[in-house]
Amino acid sequence: QVQLVESGGGLVQAGGSLRLSCGASGRTLSLYGMGWFRQAPGKEREFVAAINRGGTTIYADSVNGRFTISRDNSMNTMYLQINSLKPEDTAVYYCAASENYAGPSQYNYKDWGQGTQVTVSS
């Protein structure tokens, strides 16, 4: 089991940027495919982006071109660079680890962080 802790959320104006981090402990991050999900108030948790062990990335259509997922295995950390933020990006952002393929389905992921709040004001 890997423990995950997200950080970097906050309140930002529309058009701004944030970089979220997901720190891992307990096991080395390089063993896992990793993903970011988000949940807005009153909505289902949804897929944002994923990065597999080999570095291949997948994005939700709603964030493609604005969000960039990356990983630094030497730091045991994954990142989500968020640019051109919109009010509809307001949500709690979660990172998750998969022992297999990291894709859009949350059922691929076994371990989850507690989330970090991102709030975008208009």
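The rules behind the values
Residues numbered from 1 in each chain as written. Predicted model: local features only at pLDDT ≥ 70, side-chain atom pairs only at ≥ 80, totals over all residues. Heavy atoms only, no water. Disulfide = S-S within 2.5 Å. Helix = DSSP H or I, 4+ residues; strand = E, 2+ residues; numbered from the N terminus. Buried < 20%, exposed > 50% of the residue type's maximum accessible area, 1.4 Å probe, protein only. Pairing = 2+ DSSP bridges. Axes fitted to C-alpha atoms, helices over the stretch in contact; angles between N-to-C directions. Polar contact = N/O pair within 3.5 Å; in protein donor to acceptor, adjacent residues only side chain to side chain. Contact = heavy atoms within 4.5 Å. Phe/Tyr/Trp six-rings, centres within 6.5 Å; stacked < 30°, edge-to-face > 60°. Lys NZ or Arg CZ within 6 Å of the ring centre and 35° of its normal.

*Asks:* How would you sum up the state of the cysteines? Please name residues and give values.
*Replies:* According to the stated counting rule, one finds one disulfide in the structure shown. One disulfide in the model links Cys 22 with Cys 95; its S-S distance is 2.1 Å. Here the S-S torsion is close to 65°, and the disulfide linking Cys 22 with Cys 95 is therefore right-handed. In this pair, Cys 22 sits in strand β3 (residues 18-25) while Cys 95 sits in strand β9 (residues 91-98), placing the two residues 73 residues apart along the sequence. An identical accessibility class is assigned to Cys 22 and Cys 95; each is buried.

*Asks:* I'd like a rundown of the sheet that holds strand β7 (residues 67-72), residues and numbers included.
*Replies:* Paired through their backbone hydrogen bonds, the strands of a sheet run either parallel or antiparallel. Judged by pairing direction, the sheet is antiparallel, and its four strands sit side by side in the order β1-β3-β8-β7 without closing on themselves. In this open sheet, the two edge strands, each paired with only one partner strand, are β1 (3-7) and β7. On average, adjacent strands in this sheet sit at an angle of 15° to one another, irrespective of strand direction. Of the strand pairs in this sheet, β7 and strand β8 (residues 77-82) are connected by six bridges, and their pairing is antiparallel. Bridged to Arg 71 within β8 is Met 78.

*Asks:* Tell me what's going on with the pairing of β3, and back it up with residues and numbers.
*Replies:* Two elements, β1 and β3, share five bridges in a ladder whose sense is antiparallel. Following the sheet pairing, Gln 3 is matched in β3 by Ser 25. Taken together, the six bridges between β3 and β8 define a ladder with antiparallel strand orientation. When the bridges of β8 are listed, Gly 23 appears paired with Thr 77.

*Asks:* Break down the side chain of Glu 6 for me, with residues and values.
*Replies:* Its location among the elements puts Glu 6 in strand β1. Separated by 3.0 Å, the side chain of Glu 6 and the backbone nitrogen of Gln 114 make a polar contact. At a separation of 2.8 Å, a polar atom in the side chain of Glu 6 contacts the main-chain amide nitrogen of Gly 115. The residues contacting Glu 6, other than those within four sequence positions of it, are Ser 21, Cys 22, Trp 36, Tyr 93, Tyr 94, Cys 95, Gly 113, Gln 114, Gly 115 and Thr 116.

*Asks:* Residues and numbers for the packing of aromatic side chains, please.
*Replies:* With the rule as written, the count across this model stands at four aromatic pairs. Judged by centre distance (5.1 Å) and plane angle (55°), the rings of Phe 37 and Trp 112 are tilted. In this pair, Phe 37 sits in strand β4 (residues 33-39) while Trp 112 sits in strand β10 (residues 111-112), placing the two residues 75 residues apart along the sequence. Site record: aromatic cluster; members linked through ring pairs are Phe 37, Phe 47, Tyr 109 and Trp 112. A cation over a ring is seen here: Arg 45 above Tyr 94, with NZ or CZ 5.5 Å from the ring centre. Here Arg 45 stacks its cationic end above the ring of Trp 112, 3.8 Å away from the centre of that ring.

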